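Take a look at the letters that make up each chain.
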Amino acid sequence: TVRLADGAASNVVTLVYRNPLVPKIGPVQHFATPPGASLLTIGRAGTDIVLAQPLVSRRHADLRWQDGKHVLIDRDSPNGTFVNGERVKGSRPLAPGDIVQIGTFRLTYDGDSLDSFDQRGAIRLDASAVERSVGNRQLLAPTTLSIEPCELVAIVGGSGAGKSTLMTALCGFQRASSGKIALNGDDLYAGYEAYRSIIGFVPQDDTLHRTLSVNRALQHAARLRLPSDTTDEEIAKRIVSVLDTVEMTDHADKRIDQLSGGQRKRVSIACELLADPVLLFLDEPTSGLDPGLERKLMYTLRALADGGRTVIVITHATTNITICDHIAFLTGGKLAYFGPPSQALEYFGVADFADVYTSTEGDERAASWAERYRGSLQHQKYAVERPARAPDGPSIEQRAEAVKRAQSSTHSSLRQLAILCRRYVELILADRKNLALLLLQAPVIGVLLALVSKSDSLVGARIEAKKLVFMLATTGVWFGVINAAREICKESAVLRRERLAGLRAGPYLASKLIVLFGLVLVQSALLLGVIAVRCKLPGDGVVMPAPLELFLTIAFSGLAGIALGLCVSAVASTPDKATSLIPIVLVPQVLFSGIMFGLHGIPKLASYAVPARAAVDAMSATLDTNALTTPLFVPLPPEPQYAHEAAVLLGGWGLLWTQALVFTLLAWLALRRR
């Protein structure tokens, strides 16, 4: 394909040479695997069989002759080694005809050799009678289409036409109710784990944190998606390469929130290109862009397709639709046209693409156009003859969906946790204004409490001590909830894309807990430090110095508050909804703490789920409030739940940690359902 455009890219001439006798496939490499050879190594570099691709680990797998047959051994590669669509766990004997997939490479084993075929530039997608329904509602009528390697295909149609439903079915993120999706003849759904790493998806929302620079955001994404043995130098080279591909090299050091909408979309595309996907899906990448930026982005997608990728894009914009190889026009969940854009206007009988929307509105018109398409030459050529030329794929063992979804092709949980913690710390430090507000909460609240407290509030009268204990306990929970309540839902678009790429919910939540607990430790120290300036603290606690016990209790109540806040954030769909839920979880801290109201029966049972109650018990034990003075005219009896005993203190701490664990588990379950 040769494309000639003027400097402003306002006009373009496309010259395409197609030889029907030559299939669009890359070269096949032949690797001899003679019987009896002791060991053959497979990897990205410095191995016997070299598969040069970012998703391949430096030492990815070994092929060993053992007991009269070849055995394939996966070397704990983060992106996996697959045989006939199943991930290899440890080792697996090979039989002639087996298909081995590593990264974008498919290797056919015949007993004496491995024939390697790099699928980059050679991914063909065939959808056969793909249909999606929810309950009794049909979102997508049975749809058949074929997309050949290196094609740029646009899915167009009005709002609610079924565009996103079709795209998510084609890429496997939301599976069709019936029908089949095949990549080079392989059933995508049956072997999804083997293909997920070579599929790129750019959703409509930005998938990178805006407070980071372009370079830093891509570095974190690369460490999450590329093999763990990828060096810093290799990551840097990869980032330079993808930024050059989308023409964003000059903006590498800019913060993402300083970029225009079109530039942010280009950075999102660059992020997907880090793993060198051969099949790229984009949902409304031109949404909100002015005509100039829209044109520039569409030409970038055209260049990506010409460079060896199969690109499928949803778009409302039809000004530059002619640079696509094919368009799929949907109306009312039905396919009304699939074919070259140059034939679309004549097919619909209109003079402008915008008029196509008007001519296909309404259920009756949608059904009429779908029926007309089934009798058209375009349907015969692109939905009948083209699919008939689809290759026969290898036999892939069907596995239960739950098992396939549980298998991950990414890094270990500990590595993901380390990467996410580093990124989260960087995100918090990058937002200096918000960090300053969070840190100022503690001394401001401390000053206010000091103003209304007496110097002997914690060592004099029991009533005064209980007032201050109540405020310290609820403030600790407040710190945790406020710090965490918006942290998941505000980055839901980023999380959704990273989950599709293999990010686990456990490491993600753990990174939030660890980093935010560090913040709570600082807040707790500042709060207690300000209080200590005004109020005398007791010297001895139950098992350690009283100031340290008070500090730990406030911090542990903050930890339970963090887990509770993350639970709120995992349930809420937007930051605004999360904010509206905060009072619902904070008011019980007042009602069930045991200070304002007595706890009996059901309220007492409910109080065990309230962090403030456990914190009050632990701090009261530290201060030995039962030994403090009471008014002569209203003597107060001893309160066993506040006894100055290790069992009470450690029981309170244990309850706070248990609450943190339970709330974290609930947040994890909520994330799994999102």
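Quick caveat, the model's predicted, so the values are computed rather than measured.

Cut-offs and rules
- Residues numbered from 1 in each chain as written.
- Predicted model: local features only at pLDDT ≥ 70, side-chain atom pairs only at ≥ 80, totals over all residues.
- Heavy atoms only, no water.
- Pairing = 2+ DSSP bridges.
- Helix = DSSP H or I, 4+ residues; strand = E, 2+ residues; numbered from the N terminus.
- Contact = heavy atoms within 4.5 Å.
- Axes fitted to C-alpha atoms, helices over the stretch in contact; angles between N-to-C directions.
- Polar contact = N/O pair within 3.5 Å; in protein donor to acceptor, adjacent residues only side chain to side chain.
- Salt bridge = Lys/Arg side-chain N within 4 Å of Asp/Glu carboxyl O.
- Buried < 20%, exposed > 50% of the residue type's maximum accessible area, 1.4 Å probe, protein only.
- Parallel < 35°, antiparallel > 145°, perpendicular 65-115°, else oblique.
- Left-handed = near helix turned anticlockwise from the far one by under 90°.
- Nonpolar A, V, L, I, M, F, W, Y, C, P; charged D, E, K, R; others polar.

### Some points on the sheet that holds strand β14 (residues 125-134)
The four strands lie next to each other as β15-β14-β17-β18, forming an open sheet whose pairing is antiparallel. Strands with a single pairing partner mark the edges of an open sheet, and in this sheet they are β15 (137-147) and β18 (186-187). Bridge analysis of β14 against β15 gives seven bridges, and the strand direction is antiparallel. Bridge assignment links A127 to a residue of β15, and that residue is L145. Across the face of the sheet, helix α1 (residues 163-171) comes into contact with β14, β15 and β17 (178-183) while running at roughly 55° to β15. On top of the sheet, helix α10 (residues 377-388) reaches β14 and β15; it is set at about 55° to β15, its chief contact.

### A word on the sheet that holds strand β4 (residues 39-43)
With respect to topology, five strands assemble into an open sheet ordered β5-β4-β6-β7-β10, the strand pairing being mixed. Edge strands, defined here as strands with exactly one partner in the open sheet, are β5 (49-50) and β10 (91-93). Sheet topology note: the β4/β5 ladder contains two bridges and is parallel. Across the sheet, residue G43 finds its bridge partner in β5, namely V50.

### Concerning the environment of Q416
Note on placement: Q416 falls in helix α12 (residues 413-430). Note: C-alpha distance between Q416 and T319 (97 residues apart in sequence) is 42 Å. Of note is the side chain of Q416, whose polar atom sits 3.1 Å from the backbone nitrogen of R504.

### Thoughts on the pattern of salt bridges
Under the criterion given, the structure shown has 31 salt bridges. Across the pair E234 and R44 runs a salt bridge, and its minimum N-O distance is 2.9 Å. Here E234, found in helix α4 (residues 232-245), pairs with R44, found in the loop between β4 and β5; they are 190 residues apart in sequence, far enough to count as distant. Between R238 and D276 there is a salt bridge, with its nearest N and O atoms 3.8 Å apart. Residue R238 is found in helix α4, and its partner D276 is found in the loop between α5 (261-273) and β20 (279-283); the two are separated by 38 residues along the sequence. With a relative accessible area of 17%, R238 lands in the buried category.

### Here's the deal with the packing of helix α3 (residues 214-225) against α4
Close contact between α3 and α4 brings their axes to 10 Å; oriented N to C, the two are set at 120°. It follows from the interaxial angle that α3 and α4 lie oblique. For the crossing formed where α3 meets α4, the hand is right-handed. Facing V214, N215, L218, Q219, A222 and R223 of α3, the residues of α4 in contact are D232, I235, I239, V242 and L243. Residues of the contact of α3 with α4, tallied by class, amount to seven nonpolar, two polar and two charged.

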